[in-house]
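What follows is each chain in one-letter form.
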Amino acid sequence: MTLDVVTGWPLFAGLVVVTGAVTARWFLIGGDTALSDPVRRDIHRSDAARLGGLGSALLIAGLAMFFARQLIEFRDPWSPWLADARLLMGTAWGRTWGVAAAASILLAAAFAAARRRPAFWWLAQPLVVGLSAFPALTGHAAGSVDRRSLLIAVDILHVASAGVWIGGLAAVLWVDRSFRRSTGDTSTLAPLVAAFSPVAFAAVLVLIATGTVSSYVHLPPIDRVPFDPWSRLLAAKVVAVAAVLALGFHNLRTHTAASWPDRGQGESNLRRSSLVELLVAQFVLIITALLVRTGPMSG
Ligand code: HEM
């Protein structure tokens, strides 16, 4: 169990954060928002690239631990580790992992370059989209006998929309914090939140729709659900997601700029409650790290 969380969380959190950085670049910073002042926009984009760099580091660490875990489970105690690692890399799983590992290192380089040369965002974005397929190609979706392509497509959309919502929220807080630091406390929270809310709303709809399809396919017959560890984990996940959604809705309702009698106080309240929302979302990722390692009874 611990090994599943220690290997699963960094991978999922890394994917969520790099997706959040790309979401910030394309949806939150620029366009017709109050953030389109070129100087401010370039600072924000560079900050978003820095966040992407952090996410890539988490992703590389997660992928390395994923490989170590897979090797531990794969290995023949009588043969040398290196021989087993070579054998593992020769499998379909190993090849998928190899491509993901190379892509995540290239992504880290793309984000580092994008801090000064915005053109590298055009390299970072397809890499992020491609890496969002790694969980589907190495998890239950790829292992399904029937409806395999549907489940893989649904899973990729699910992971991407989770990244846009939770990663986007992380990017809002990160870009605002970086800007306050570089400008001596001028906040951009209100315009960032205004740009983020419709994007988050759309991502949540896709997330719930894809999660429901994937749940429907994997869930065992109803009479077996109470005895199925996978179903119990899914129930725990849905409860944790409901908590994140409730916090998000509360933030949206109570912390809009219009409701701030004292702007400074309003912004710090929003920062704090958004951080709580982000922390609770980590429980969703931790439960998911256990969920994908538990075989649904339906299989
Ligand atoms: C904050 C919200 C959510 C986040 C961050 C999230 C994240 C994820 C991630 C990263 C995966 C792993 C994909 C894989 O390894 O194949 C996943 C799988 C899954 N999620 Fe979600 N998800 C969220 C909400 C939901 C909701 C609302 C549902 C149900 C309605 C759901 C149901 C599932 C199912 C069934 C799977 C596949 C599990 C498996 O392959 O064993 N998720 N989710």
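Structural data are supplied above this passage.
Being a predicted model, the structure only gives us computed values, none of them experimental.

## Brief notes about the overall build of the chain
No. 1: Counting its regular elements, the chain contains 11 helices and zero strands.
No. 2: Beginning at the N terminus, the succession of helices and strands in the chain can be written as α-α-α-α-α-α-α-α-α-α-α.
No. 3: Taken over the C-alpha atoms alone, the chain extends approximately 65 × 45 × 30 Å along its principal axes.
No. 4: Burial status across the chain gives 50% buried among its 299 residues.
No. 5: Long-range pairs, those at least 24 residues apart, make up 74% of the contacts in the chain between residues at least 6 apart in sequence.
No. 6: When the accessible area of the chain is evaluated, it comes to approximately 14400 Å², of which 70% is carbon and sulfur surface.
No. 7: In the chain, which carries 25 positive and 17 negative side-chain charges, the distance between the mean positions of the two groups comes to 5 Å.

## Structural notes on the side chain of threonine 7
No. 1: Relative to the assigned elements, threonine 7 resides in helix H1 (residues 2-28).
No. 2: Classification of threonine 7 as buried rests on a relative accessible area of 1%.
No. 3: Engagement of the side chain of threonine 7 in a polar contact is seen with the backbone oxygen of aspartate 4, the distance being 3.2 Å.
No. 4: At 2.7 Å, the side chain of threonine 7 and the side chain of arginine 69 are in polar contact.
No. 5: Contact partners of threonine 7, with chain neighbours within four places excluded, come to Gly62, Met65, Phe66 and Arg69.

## Focus: the pattern of salt bridges
No. 1: Scanning all chains against the criterion turns up nine salt bridges.
No. 2: In this structure, arginine 293 engages aspartate 4 in a salt bridge whose closest nitrogen and oxygen atoms are separated by 2.7 Å. Taken together, the residues span a long stretch of sequence, with arginine 293 in the segment after helix H11 (263-291) and aspartate 4 in helix H1 at a distance of 289 residues.
No. 3: Aspartate 4 sits in the buried class, given a relative accessible area of 13%.
No. 4: Where arginine 50 meets aspartate 47, a salt bridge forms, and the shortest distance between an N and an O atom there is 3.3 Å.

## Here we look at the packing of aromatic side chains
No. 1: Across all of its chains, the model carries five aromatic pairs by this definition.
No. 2: On the basis of an interplanar angle of 35° and a centroid distance of 6.2 Å, the ring pair of phenylalanine 67 and tryptophan 93 is categorised as tilted. Of this pair, phenylalanine 67 sits in helix H2 (residues 38-74) while tryptophan 93 sits in helix H4 (residues 92-114), and the two are 26 residues apart along the sequence.
No. 3: Seen in terms of ring centroids, phenylalanine 67 and tryptophan 97 are 4.6 Å apart; in terms of plane orientation they differ by 45°. Their pairing is tilted. With phenylalanine 67 in helix H2 and tryptophan 97 in helix H4, this residue pair connects regions lying 30 residues apart in the sequence. Tryptophan 97 shares its class with phenylalanine 67; the two are buried.
No. 4: Through successive ring pairs, a cluster of aromatic residues spans Phe67, Trp93 and Trp97.
No. 5: A cation over a ring is seen here: arginine 25 above tryptophan 26, with NZ or CZ 3.9 Å from the ring centre.
No. 6: A cation sits over an aromatic face here: arginine 69 above phenylalanine 66, 4.5 Å from the ring centre.

## Examining the nonpolar core
No. 1: Residues Leu28, Leu59, Trp97, Leu107, Phe111 and Trp165 are the most contacted members of the largest nonpolar core, which totals 73 residues.
No. 2: If we ignore the near neighbours within four places in the chain, the residues touching leucine 59 are Pro10, Leu11, Gly14, Leu15, Val18, Ser104, Leu107 and Leu131.
No. 3: Formed by six residues, the second largest nonpolar core is a distinct cluster that contains Ala136, Leu151, Ile152 and Val217.

Quick notes on the rules
- Residues numbered from 1 in each chain as written.
- Predicted model: local features only at pLDDT ≥ 70, side-chain atom pairs only at ≥ 80, totals over all residues.
- Heavy atoms only, no water.
- Helix = DSSP H or I, 4+ residues; strand = E, 2+ residues; numbered from the N terminus.
- Buried < 20%, exposed > 50% of the residue type's maximum accessible area, 1.4 Å probe, protein only.
- Contact = heavy atoms within 4.5 Å.
- Areas by Shrake-Rupley, 256 points an atom, 1.4 Å probe, with all protein chains shown as cover.
- Lys, Arg positive; Asp, Glu negative; His and termini not counted.
- Charge placed at Lys NZ, Arg CZ, Asp CG, Glu CD.
- Polar contact = N/O pair within 3.5 Å; in protein donor to acceptor, adjacent residues only side chain to side chain.
- Salt bridge = Lys/Arg side-chain N within 4 Å of Asp/Glu carboxyl O.
- Phe/Tyr/Trp six-rings, centres within 6.5 Å; stacked < 30°, edge-to-face > 60°.
- Lys NZ or Arg CZ within 6 Å of the ring centre and 35° of its normal.
- Core = buried A, V, L, I, M, F, W, Y, C linked by side-chain atoms within 4.5 Å.

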